[in-house]
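# Summary of structural features
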Amino acid sequence: MFGEGILQGLYETARNFFGSYVDKDRLVTVQYPEERHQLPEATREFPFLLYDGPDPEAGLRCVACQICEKECPPRCIHIEKSKDKKPDFVGKQQFYPAVFDIDVSVCMSCQICVEVCPFDAIRMDNEYELSTSNRFGGLLYTKRELAKPNEYYRKIHPTEAAETDDRRAKEAEEAKAKAAAAAAAAAAKAAQVAAIPAVAANGATGNGAAPKPAEQPADKKPVNQ
Amino acid sequence: MTTVAELERRVEAGEDGLGDILEVSMGPHHPSTHGVFRMDVRLEGEKVVRLKPVFGYLHRNHEKIAEHGAYLSAIPYTDRLDYLCSMTNNWGYVLAVEKLAGIPVPERAEYIRVIVAELTRFQNHAGLVGFLLQDMGASGTPLMYAFREREKILDLFESLSGARMMCNYLRFGGLRVDCTAAWLEEVRRLVAGLPKFVDEFEALLRTNEILMARTQGTGILPRELAINAGVTGPMLRASGVNYDIRKVDRYGVYDRFEFRVPLGDHGDVYDRYMMRILEMRESLKILEQALRGIPEGPIMDPKTRLRGLRPKAGEAYGRIEAPKGELGFFLISDGTGNPYRYRVRPPSMINLTILEDMCLGHNIADVVVILGSVDIVLGEVDR
Ligand code: SF4
Ligand code: SF4
């Protein structure tokens, strides 16, 4: 019958319309901004820098190795290495970024920087209400705006953060054990040397304090991390 | 119908009684063209006598950017080719790199690839049908239903890869992260509900008399012309050519799944519309099988180097059946860390080249419908 198809279509429309009052599958929108969907844990928006402890300067994990700067596809990261060094979480002396800027108006949220960083220093934020009326400065984030504590990371990506924390705790322990072993070995050597003339002993104490720190722990991670 | 050349000759000769030839520039900001795309249309009355597609408004220098970056850094850029189907774009590219560098892919990764690719195909086709019906005046309703289902799929993509559309999920040699059992369960639940949606979606307009009058016999693409023009994907199959790269190349693990390749016989807009609906059903079949057969295991060989990959000098062409047709990536390596040449074969651009042949002799109002049935995304056409 002519018109049957149209009636059939109208029936479907009516079904969907009334269904949207009772069936959650037929109504997926929410009244943003009053209501919000919960974001999945994996959600990524823009990168931020992680720091441990209370001080964003001293605890910053980034060692300014500049790998992310090189790998970032649109090259929106700008890093300047420091002249001096500060100790990292295993006590090794490392550089830190004197300048670390990300231009998030260029960033394409690809997460490549996170994937290539061997020091767990950079992670993806899930903050999305970032609009600003300042076109030039407003979206250029400096080190100060980028640094966020590890607790924040644990809050937004709990699973991932727990894994990272576990791994880092293990690495720190291993490094500590290695350092202790190295110190013991050095002490033993010093004791041995101490038996012979004093000149040699002097040299030994000079070196013994700083045993070659356990090899760079991060290097042991597979390259494709 | 008079040919264009003849018509132009007669107009130039100043012949009387021809009516005026009117030149209309449709686009690039016309809301009914899909994206920033312009058609230079010449009309005699309402009839189209010449149509020139003009593109390039969205050119982003994709190929050269990829040639200046490492192999890894091109993956997020491929998301932005056909921005509705980032997963399949990733796959085309990583397939080319895997061929170039001889990288093996674990089985679990292959299965997850199939799952995300078929979900992508499903949401692309649902969206396309919605847009096509919108072009014909079914304002909003079908598109809204299509986007409602698409949103559910995109939510799954987000919880898997972190982003709804720019997934950046596949890696040469595998995937970026593994999916959880809970995620697979979610997909199973979704896939179980989708056939009902397809039924409804089909019932909405399949037998609608207005739709049939508008689409049947409109924009016919003959089989030979389709083959000669290099048209691929659902458009080619709507013209009755059995060519599906999932069947021809059997890349990935597609040889393990049973599915049919739907074929049309008229090659008109209606066939192209039905082709999408039928392919959605086939995608669901593949999804069910893949979800049943997915093995445990690694998703990436730990020896695979992502950063600093330097394939031996050589060349490779990787192609997949993207929702829009054959998506190919051609790579030449000179042994350094970035490709010497990187070339994309974008299905929607090549499918668009025969637009004029399909439109000649139709009314101007049909041009929009025919364009809608091609399924283009300008991010891919212009690159
Ligand atoms: S997310 Fe991607 S684009 Fe943004 S800073 Fe990181 S690497 Fe660069
Ligand atoms: S890769 Fe990591 S440690 Fe290196 S500069 Fe970037 S954020 Fe810092």
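Preceding block: the structure.
To start, this report covers the structure provided alongside it. Computed from a predicted model, the values in this text were never measured in an experiment.

## Observations regarding the site of ligand 2
Close to ligand 2 lie 13 residues, the nearest being Cys62, Cys65, Gln66, Cys68 and Cys117 of chain A. In the shell around ligand 2, the residues fall into 12 nonpolar, 1 polar and no charged.

## Points about the environment of Asn242 of chain B
All names here are of chain B. The residue Asn242 is located in the loop between helix H10 (234-238) and helix H11 (245-248) in this model. The spatial distance from the C-alpha of Asn242 to the C-alpha of Gly264 is 9.5 Å, given a sequence separation of 22 residues. Beyond its immediate chain neighbours, meaning those up to four positions away, Asn242 contacts Val261 and Leu263.

## With respect to the pairing of strand E6 (residues 314-322) of chain B
All names here are of chain B. One ladder, built from 9 bridges, connects E6 with strand E7 (residues 325-333); its direction is antiparallel. When the sheet's bridge partners are listed, Ile320 is paired in E7 with Leu327. A loop of 2 residues connects E6 with E7, the two strands running antiparallel in sequence.

## Digging into the sheet that holds strand E7 (residues 140-141) of chain A
Pairing between the strands of a sheet is mediated by backbone hydrogen bonds and can be parallel or antiparallel. Residues and elements named next belong to chain A. Spatially, E2-E5-E7 is the arrangement adopted by the 3 strands of the open sheet, whose pairing is antiparallel. Two strands bound the open sheet, and with one partner strand each, they are strand E2 (77-81) and E7. Where E2 and strand E5 (residues 97-103) come together, 5 bridges link them in antiparallel fashion. In the strand pairing of E5, His78 is matched with Asp101.

## Structural notes on a nonpolar patch on the surface
Residue and element names in this part refer to chain A. A contiguous nonpolar patch, built from Phe17, Phe18, Tyr21 and Val22 and spanning about 540 Å² of accessible area, is present on the exposed surface. Relative to the helices and strands, Val22 resides in helix H1 (residues 4-22). Owing to a relative accessible area of 73%, Val22 belongs among the exposed residues under this scheme.

What counts and what doesn't
Residues numbered from 1 in each chain as written. Chains lettered and ligands numbered in written order. Predicted model: local features only at pLDDT ≥ 70, side-chain atom pairs only at ≥ 80, totals over all residues. Heavy atoms only, no water. Near = heavy atom within 4 Å. Nonpolar A, V, L, I, M, F, W, Y, C, P; charged D, E, K, R; others polar. Helix = DSSP H or I, 4+ residues; strand = E, 2+ residues; numbered from the N terminus. Contact = heavy atoms within 4.5 Å. Pairing = 2+ DSSP bridges. Patch = residues over 30% accessible without salt bridge, like charges linked within 9 Å, V, L, I, M, F, W, Y side chains within 5 Å. Areas by Shrake-Rupley, 256 points an atom, 1.4 Å probe, with all protein chains shown as cover. Salt bridge = Lys/Arg side-chain N within 4 Å of Asp/Glu carboxyl O. Buried < 20%, exposed > 50% of the residue type's maximum accessible area, 1.4 Å probe, protein only.

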